[in-house]
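Structural description and commentary
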Amino acid sequence: MFDIKWIRANAEAFDAAVSRRKGTTASSSDLLAIDDRRRDIITRLNEAQEQRNALSKQIGQAKAQKDEAKAQALMAEVARLKDIIPQGEADERAIEAELHAALSVIPNLVFDDVPSGADESDNVEYFGPNGSAETAALQRAPKPSFSFAPKEHYEVGVAAREMDFETAAKISGSRFVVLKGQVARLERALGQFMLDLHTTEHGYLEVQPPLLVRDEALFGTNQLPKFEEDLFFTPHGESRLALIPTAEVPLTNMVRESILSEEELPLRMTALTPCFRSEAGSAGRDTRGMLRQHQFDKVEMVSITTPETSVDEHERMLTCAEAVLQKLGLHYRVMDLCTGDVGFGAKRTYDLEVWLPGQNTYREISSVSVCGDFQARRMEARYRPAGEKQAPRYVHTLNGSGTAVGRCLIAVLENYQQEDGSVLVPDVLQPYMGGLKSIGGH
């Protein structure tokens, strides 16, 4: 969300930055034209209100002077102004809403050094601020090699009779799954492992947030109005609530309409929740298996920081997400998303893409984004700088998957599969699996 005053003062820079965003037609001239109309309405309304107040004083003076004719004339003019002021107030509300609507659909402005590009094919592999392919290779597991043709995750799960898409379809329709037995336990183990890692080693506060949220919360984290069709809504009295598409929504909105002290920052939170998405724009994509489901579990990380620390916090959050894959022994890469692929609310996004041997390709398993004050303005989330007597400033917000549990399950099933149909359990998960070293098999 943008401040129209900033756009007026930086019109040329705004237009240059917006031009880097795919499919965005916003221009400072169009926005300022709306703002000019707004300012004109406010000016005329203020003038009418001032005139009414001045005439009201003159009525008293005329009555004191026993000039009834003048008093009656003044009262008639005040009555006229009282009739037109409500219309002016209605015009002000309408133009404020028009400007708000125009500003709310403009995506965040990316950093200047974000790679330019049209789509995911223009994303650039990222090795950290001072890293290289060589140093990354020392931290990341290599691609696994197989003496047999590796299967896709759903082939492994269905063969074990512990991944049931047919029963899920009878219950709920397409893009749902019923997990059973050891595969269900493995998914639960993954979520618990991630939560323990982020809370005990990375300093995140575990939160169990609501799974149903109001429109205002969705607007705050920019799911509304742009992505309304991707949400599942349920009636709630005379309004509605939405099932969360990600725990980013409730976690980030925990600081909405509040003023924090600088001493409270950074505020780091994590949650393991189900997530719900209609996937309205993905018809025909990834329809087999668990890759693109209407319901899935995800461990989310959210950080609330000061403007001066948010870029460093972004790098830190990336390392926290990477640690999950490193401890699981999964091969992956990190991509710096180009301007055509960065999410609506982000200034920069890193995607972690895990290697899936059954598909012989990389798949996104985590997105880690820094949003600047874009969401904070929508939520009115601010902080008071330490030792400074000045107006509160907007916080900066960050979010990242730490990671998508379902996709991590997919990765474990494909990377750790054995020729006999069994799946080895990664060492870090064995304590969560009662000591099991493998599952399934003939």
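Throughout this document, residue positions are counted from 1 along each chain, in the order its sequence is written. Predicted model: local features are reported for residues with pLDDT of at least 70 only, side-chain atom pairs are reported and counted for 80 or more only, and whole-chain, interface and lining totals are derived from all residues. With hydrogens and water set aside, each side-chain value is computed from the structure's full complement of heavy atoms.

Here the focus is the sheet that holds strand β5 (residues 212-213). Between any two strands, at least two bridges found by DSSP are needed for them to pair. Runs of E in the DSSP output that reach at least two residues are strands. Runs of H or I that reach at least four are helices, and both are numbered from the N terminus. Sheet architecture is open: three strands sit in the order β5-β7-β6, paired in antiparallel fashion. Since the sheet does not close on itself, it has two edges, and those belong to β5 and β6 (233-236), each with one partner. Note that β6 and strand β7 (residues 239-243) share four bridges and pair antiparallel. By the bridge assignment for β7, F233 is matched with A242.

Counted as salt bridges are all cases of a side-chain nitrogen of Lys or Arg within 4 Å of a carboxyl oxygen of Asp or Glu. In total, this model carries 22 salt bridges according to the counting rule given. Ionic pairing is found between D215 and R240, a salt bridge with its closest N-O pair at 3.0 Å. Placement of the pair is D215 in helix α9 (residues 215-220) and R240 in strand β7, with a sequence separation of 25 residues. Burial classes: relative accessible area under 20% of the type maximum marks a residue as buried, over 50% as exposed, and values in between as partly exposed (1.4 Å probe, protein chains only). On the basis of relative accessibility, which here comes to 26%, the residue D215 falls in the partly exposed class. R240 gets classed as partly exposed once you look at its relative accessible area, which sits at 26%. We note a salt bridge from D373 to R377, for which the minimum N-O separation is 3.2 Å. The class for D373 is partly exposed, based on a relative accessible area of 25%. Among the residues examined, R377 registers a relative accessible area of 26% and is labelled partly exposed. Linked through salt bridges whose partners overlap, the residues forming this network are R8, D35, D36, R38, R39 and E96.

This paragraph deals with the pairing of strand β11 (residues 332-336). Within β11, four of the five residues are buried, which leaves the element mostly enclosed by the surrounding structure. In terms of strand pairing, strand β1 (residues 124-125) meets β11 through two bridges, oriented antiparallel. Bridge pairing in β11 links E125 to M335. Looking at chain direction, β11 and strand β12 (residues 348-356) are connected through five bridges and run antiparallel. Looking at β12, one finds that D336 is bridged to Y350.

This part is about the packing of helix α3 (residues 28-64) against helix α4 (residues 68-104). For the pair α3 and α4, the least separation of the axes is 8 Å and the interaxial angle reads 160°. By the criterion of interaxial angle, the relationship of α3 to α4 is roughly antiparallel. Classified by chirality, the crossing of α4 by α3 is left-handed. Here an angle of 0 to 180 degrees is reported between the N-to-C directions of two axes, which are lines fitted to C-alpha atoms, with helices fitted over the stretch in contact. Orientation labels follow simple angle bins: below 35 degrees gives roughly parallel, above 145 gives roughly antiparallel, 65 to 115 gives roughly perpendicular, and whatever is left gives oblique. Left-handed describes a crossing whose near helix is turned anticlockwise from the far helix through less than a right angle; right-handed describes the clockwise counterpart.

This part is about unusual backbone geometry. In the segment running from L265 into P266, the intervening peptide bond is cis, with an omega of 0°. Structurally, P266 can be placed in the loop between β8 (258-261) and β9 (267-276). Even without being a glycine, E257 presents a positive backbone phi close to 50°. Topologically, E257 is positioned in the loop between α10 (248-252) and β8. Even without being a glycine, N360 presents a positive backbone phi close to 60°.

Orientation of helix α8 (residues 181-200) relative to helix α13 (residues 405-415), taken along the N-to-C sense of each, is 120°, at an axis distance of 9 Å. Judged by the inter-axis angle, α8 sits oblique to α13. The handedness of the crossing between α8 and α13 comes out as right-handed. Each of V183, L186, E187, L190, G191 and M194 in α8 lies in contact with α13, whose residues at this interface are V405, G406, C408, L409, V412 and L413. Residue type decides the class: Asp, Glu, Lys and Arg count as charged, Ala, Val, Leu, Ile, Met, Phe, Trp, Tyr, Cys and Pro as nonpolar, and the leftover types, Gly among them, as polar. Of the residues contributing to the contact of α8 with α13, the split by class is nine nonpolar, two polar and one charged. Any two residues having at least one pair of non-hydrogen atoms within 4.5 Å are treated as being in contact.

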